[in-house]
Amino acid sequence: MRVYLTAVGHKMPSWVYQACDEYIKRLPPELQIKTIEVPLIKRGKNADIKRIRRDESRKLIAAVPSGCALIALDVQGRKVTTEQLAERLDQWMLHGKDIALLVGGPDGLSDEILQQAEQRLSLSDLTFPHPLVRIIIAEQLYRAWSILSHHPYHRA
């Protein structure tokens, strides 16, 4: 199974790639995380945010391999515990369908994309910078896998 971490924004600082890679390399071959980045659209003083959000979202969807289940990360999404994420990961793996986790730009995802998503998840009530979101997702997927595999990483 592949998880495509599909995010608006590219050319992240090297520490973001290093941290993500640390968790990704720990995963077994049957659970692969692939990162797909689409460029952030420049925002000017009087930017049309609705249009920018729509265009960035469309680029995200265009970058997702066909056949993936779409999971939107959204501030209004359902909050899940790590254990609940592990249950979802288990279901995703059992179905054998690749998934795409969609991370919007600074203004989020368009309503069009949110309606297409099979699920909408929120990482927290807190607001995180987009580079950190990538690391949190990679770590939480590794943690979820460790729960399913009875690996000692998760000690809650």
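Coordinates for the structure precede this section.
Keep in mind the model is a prediction, meaning the values are calculated, not measured.

Okay, the pattern of salt bridges next. Under the criterion given, the structure shown has 12 salt bridges. With a closest N to O distance of 3.2 Å, arginine 58 and glutamate 112 form a salt bridge. Of this pair, arginine 58 sits in helix 2 (residues 49–63) while glutamate 112 sits in helix 4 (residues 111–116), placing them 54 residues apart in sequence. The class for arginine 58 is partly exposed, based on a relative accessible area of 43%.

It is worth spelling out helix 3 (residues 82–95) at this point. Over its 14 residues, helix 3 runs 20 Å from end to end, which matches the ideal 20 Å to within 8%, given 1.5 Å per residue. Turning to helix 3, its buried residues number three or more, namely Thr82, Leu85, Ala86, Arg88, Leu89 and Trp92. Seen end-on, helix 3 carries its buried residues on one side only, within an arc spanning 165 degrees. Of the exposed residues in helix 3, the ones pointing more than 90 degrees away from its buried face are Glu87, Leu94 and His95. One or two residues past the end of helix 3 sits glycine 96, with phi positive at roughly 70 degrees.

Turning our attention to the packing of helix 1 (residues 14–24) against helix 5 (residues 130–148). For the pair helix 1 and helix 5, the least separation of the axes is 8 Å and the interaxial angle reads 10 degrees. Overall, the two elements helix 1 and helix 5 adopt an arrangement that is roughly parallel. On the side of helix 1, the interface is formed by Trp15, Val16, Ala19, Cys20 and Tyr23, while helix 5 contributes Pro131, Arg134, Ile135, Ala138, Glu139 and Tyr142. Grouping the constituent residues of the contact of helix 1 with helix 5 by class yields 9 nonpolar, no polar and 2 charged.

A few words now on the environment of isoleucine 137. Structurally, the position occupied by isoleucine 137 is in helix 5. On the basis of relative accessibility, which here comes to 5%, the residue isoleucine 137 falls in the buried class. Separated by 97 residues in the primary sequence, isoleucine 137 and leucine 40 have C-alpha atoms spaced 20 Å apart. Contact partners of isoleucine 137, with chain neighbours within four places excluded, come to Leu5, Leu73, Leu101, Val103 and Leu123.

Applying the stated criterion to the full structure yields 0 disulfides. Among the cysteines around cysteine 20, which has no disulfide bond, cysteine 68 carries the closest sulfur, lying 18 Å off.

This paragraph deals with the environment of leucine 132. Assignment of secondary structure puts leucine 132 in helix 5. On a C-alpha basis, the gap between leucine 132 and alanine 19 in space is 9.5 Å, while along the polypeptide they are 113 residues apart.

What counts, and at which threshold
- Residues numbered from 1 in each chain as written.
- Predicted model: local features only at pLDDT ≥ 70, side-chain atom pairs only at ≥ 80, totals over all residues.
- Heavy atoms only, no water.
- Salt bridge = Lys/Arg side-chain N within 4 Å of Asp/Glu carboxyl O.
- Helix = DSSP H or I, 4+ residues; strand = E, 2+ residues; numbered from the N terminus.
- Buried < 20%, exposed > 50% of the residue type's maximum accessible area, 1.4 Å probe, protein only.
- Expected span 1.5 Å × (residues − 1).
- Arc of directions from axis to C-beta.
- Axes fitted to C-alpha atoms, helices over the stretch in contact; angles between N-to-C directions.
- Parallel < 35°, antiparallel > 145°, perpendicular 65-115°, else oblique.
- Contact = heavy atoms within 4.5 Å.
- Nonpolar A, V, L, I, M, F, W, Y, C, P; charged D, E, K, R; others polar.
- Disulfide = S-S within 2.5 Å.

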